[in-house]
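# Observations on the model geometry
These are the residues of each chain, in order.
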Amino acid sequence: MADPVIDILVPAYNAEPTIREAIDSLRNQTVRNIRIVVVDDGSTDATGRILAEMAAQDGRIVVLTQPNGGIVAALTYGLSVCRAPFIARHDADDLAAPDRLERQIRHMEEHPDCVAVSGSGSHIDAQGRPTGGRVRLARIDKADPFWIPAREPYLPQPFLLMRRAAFDLAGGYRSLAVAEDSDLYWRLDDIGTLSNIDRNFGSYRVHAGSVSSASIRNGRSMAFWSQMAALSARRRRAGQPDQVFSPAELRRCEAAETLEEFFRAGCPGLTQAERSWLALALGMKLVALAFYRPYELDSADCAFIGRALRDRDVAIDRENRVEIAEHLMATATRLAAHGRFGDALKLVSPARYPVLLGRISFRLVLPSGLRDVFKRLAGRAQPA
């Protein structure tokens, strides 16, 4: 095989139901000069056997195996054999449109300042059936690490293509428990242009088994690490020393369960202003995640957010404050409708109680089917 122009990196863990279809969608790309590097991250099902069969059929498939170490370890291992000028990411349960890579390479050729590109796709469920949803595309020009929660320069990871030189210059993936993609995007954004193309690049599988959907604890972890990545970006842009995510900090976070525990794990080394921002940003990111994930804030989450709202050291501009108030009102309405009035009241000011009462009344009167339609429509505007 000639030297590939694109190395496609696919981490896989217990992906038996979907891995064959996912890899086939890459084998059928209109760009043929590719290498598919699959890292079997200690799977205990038939993933390894399926990959061995596929590699025997197609010399472009390289299979690496390691003890289960998580996504960053798998990505790092896979990157050690990648030599192509472009790196693409693909997940073991998603499907790529046949011309995905062709269109992305063309965009890179036409925009030499672009260091990474991604795009949209359609949502499918665990069985591969279309849900009617689509992958949300963030406006990269609106990225703001000072917003609460941070507005991230989000590129949908299942459809990501990067220049290898830019990836290396940015420092590659760092050892975050989750949100390693967001952390990388902030650093890529520091050195070049990021692009989201509003085209269908494939199918993204949405299911309750995903890491960020598995539990409220995983939601807290996602919220924490995404906001720590934004704090890191703030420091770099101010010319200050970057965040160092040490093994000791990772261990503290692995033991964390509550928002308070995650917050305290991240506090060492932060200034008081950074701590104040982190507390509220962490809480509000969890609010955003809970709106379209299969879990809900508990009483301790609500109490933590209520305390963060009372911290007068957090600088918030008017537009951001209005957005925070609206998201909290939506969450409080949802909690109250399920009989959790005490938790709902922790999230809104007394002056807004009449608004909360009106929202609750509307929710109780509106038919459940119509409420579900509104929720699905709103969920499409959230990060995948």
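Keep in mind the model is a prediction, meaning the values are calculated, not measured.

### Observations concerning the overall build of the chain
Scanning the chain from N- to C-terminus turns up 15 helices and nine strands. Taken against the 2.2 N^0.38 rule, which gives 21 Å for 384 residues, the C-alpha radius of gyration of the chain at 21 Å falls within 12% of a compact globule. Across its three principal axes, the chain shows a C-alpha extent of roughly 70 × 50 × 40 Å. Taking the intrachain contacts of the chain between residues at least 6 apart in sequence as the baseline, contacts between residues at least 24 apart amount to 76%. Summed over its atoms, the accessible surface of the chain is roughly 16700 Å², and 55% of this surface lies on carbon and sulfur atoms.

### Topic: the packing of helix H10 (residues 272–292) against helix H11 (residues 299–309)
Close contact between H10 and H11 brings their axes to 9 Å; oriented N to C, the two are set at 135°. It follows from the interaxial angle that H10 and H11 lie oblique. H10 and H11 meet at a crossing whose hand is left-handed. Of H11, the residues touching H10 (which contributes Ala 279, Leu 280, Leu 282, Gly 283, Leu 286 and Val 287) are Asp 301, Phe 304, Ile 305, Ala 308 and Leu 309. Taken together, the residues of the contact of H10 with H11 break down into nine nonpolar, one polar and one charged.

### As for the domain arrangement of the chain
Structurally, the chain comprises domain 1 (4–206) and domain 2 (213–376). For domain 1 versus domain 2, the distance between C-alpha centres works out to 28 Å. When the two sides are added together, the surface that domain 1 and domain 2 hide from each other amounts to roughly 2200 Å², 58% of it contributed by carbon and sulfur. If you sort the residues of domain 1 by the area they bury against domain 2, Trp 147, Ile 148 and Pro 149 come out on top, with a joint share of 30%. Among the ionic pairs, Arg 174 bridges to Asp 242, the shortest N-O distance being 3.4 Å. On the surface where domain 1 and domain 2 come into contact, there are 11 residue pairs in polar contact (both at pLDDT 80 or more).

### A word on the nonpolar core
Counting residues in hydrophobic clusters, the biggest one holds 56 residues, and the most contacted among them are Ile 148, Phe 224, Trp 225, Trp 277, Leu 278 and Leu 280. Mapped onto this core, the elements with two or more residues apiece are helix H7 (216–237), helix H8 (247–254), helix H9 (259–266), H10, H11, helix H12 (318–337) and helix H14 (353–365). The element contributing the most residues to this core is H10, with 11 residues. Mapped onto the domain boundaries, this core takes at least three residues apiece from domain 1 (4–206) and domain 2 (213–376). In contact with Phe 224, other than residues within four places in its own chain, are Glu 249, Cys 253, Phe 262, Gly 266, Leu 278 and Leu 282. Membership of the second largest hydrophobic core comes to 32 residues, among which are Ile 19, Phe 86, Ala 88 and Met 108.

### Details of the environment of Ala 256
Positionally, Ala 256 belongs in the loop between H8 and H9. Classification of Ala 256 as buried rests on a relative accessible area of 2%. Residues Ala 256 and Ser 221 lie 35 residues apart in sequence; the distance between their C-alpha atoms is 8.4 Å. If near-sequence neighbours (up to four positions away) are discounted, Ala 256 is found in contact with Arg 217, Glu 261 and Phe 262.

### Things to note about the side chain of Ser 43
Relative to the helices and strands, Ser 43 is located in the loop between strand S2 (34–41) and helix H2 (47–57). At 2.8 Å, the side chain of Ser 43 forms a polar contact with the backbone nitrogen of Asn 14. In this structure the side chain of Ser 43 is engaged in a polar contact, spanning 2.6 Å, whose partner is the side chain of Asp 40.

### Focus on the pairing of strand S3 (residues 61–66)
Note that S2 and S3 share six bridges and pair parallel. If you follow Asp 41 over to S3, its bridge partner there is Gln 66. In this region the chain leaves S2, passes through H2 and returns to the parallel neighbour S3; the handedness of that crossover is right-handed.

### A look at the packing of aromatic side chains
The tally for this structure, following the rule as stated, stands at six aromatic pairs. Their ring planes at 80° and their centres at 5.6 Å tell us that Trp 225 and Phe 245 sit as a pair that is edge-to-face. Note that Trp 225 is positioned in helix H7 and Phe 245 in the loop between H7 and H8, a separation of 20 residues in sequence. Assessed through its relative accessible area of 11%, Phe 245 is described here as buried. Chaining the aromatic ring pairs together yields one cluster made of Phe 224, Trp 225, Phe 245 and Phe 262. Stacked on the ring of Trp 147, the Lys or Arg Arg 151 has its end atom at 3.8 Å from the ring centre.

Cut-offs and rules
All residue numbers here refer to positions counted from 1 along the written sequence of the relevant chain. Under the rules for a predicted model, residues below a pLDDT of 70 receive no local features and side-chain atom pairs below 80 are neither given nor counted, while totals for whole chains, interfaces and linings still include all residues. Derived side-chain values reflect all non-hydrogen atoms in the structure, with water molecules and hydrogen atoms excluded from consideration. We count a stretch as a helix when DSSP gives it H or I for four or more residues in a row; a strand needs E for two or more, and each element gets its number in order from the N terminus. A radius of gyration in this sense is built from C-alpha atoms; the matching globule rule multiplies 2.2 Å by the number of residues raised to 0.38. Should any heavy atoms of two residues lie within 4.5 Å, those residues are counted as being in contact. Using a 1.4 Å probe, accessible areas were evaluated by the Shrake-Rupley method; residue-level cover was limited to the displayed protein chains. The convention used is that axes are lines fitted to C-alpha atoms, helices contributing only their stretch in contact, and that angles between N-to-C directions extend from 0 to 180 degrees. Any angle that is under 35 degrees is reported as roughly parallel, and any over 145 degrees as roughly antiparallel; angles of 65 to 115 degrees are reported as roughly perpendicular and all others as oblique. Here a crossing is taken to be left-handed if its near helix is turned anticlockwise relative to the far helix by less than a right angle, and right-handed if that turn runs clockwise. Basically, the charged four are Asp, Glu, Lys and Arg, the nonpolar ten are Ala, Val, Leu, Ile, Met, Phe, Trp, Tyr, Cys and Pro, and anything else, Gly included, counts as polar. Domain segmentation is taken from an automatic or database assignment of domains. Values labelled buried area give the accessible surface lost by two parts on being combined, using a 1.4 Å probe and summing over both. Salt bridge, as applied in this entry: a Lys or Arg side-chain nitrogen positioned within 4 Å of an Asp or Glu carboxyl oxygen. Polar contact is defined as a pair of N or O atoms within 3.5 Å, subject to the rule that within protein one atom must be able to donate a hydrogen and the other to accept it, and that residues adjacent in sequence are counted only when both atoms are side-chain atoms. For the purposes of this section, nonpolar cores are sets of buried Ala, Val, Leu, Ile, Met, Phe, Trp, Tyr and Cys residues that join through side-chain atoms within 4.5 Å. Relative accessibility thresholds used throughout: buried, under 20% of the residue-type maximum; exposed, over 50%; partly exposed, between the two (1.4 Å probe, protein chains only). At least two DSSP bridges between two strands are required for those strands to pair. A crossover counts as right-handed when, viewed with the strands pointing away from the observer, the path leading from the first strand over the helix to the second turns clockwise. In this scheme Phe, Tyr and Trp rings, the latter by its six-membered ring, pair at centre separations within 6.5 Å, and the angle between planes marks the pair as stacked below 30 degrees, edge-to-face above 60, and tilted otherwise. In this scheme, Lys NZ or Arg CZ marks a charge over a ring once it lies within 6 Å of the ring centre and within 35 degrees of the ring normal.

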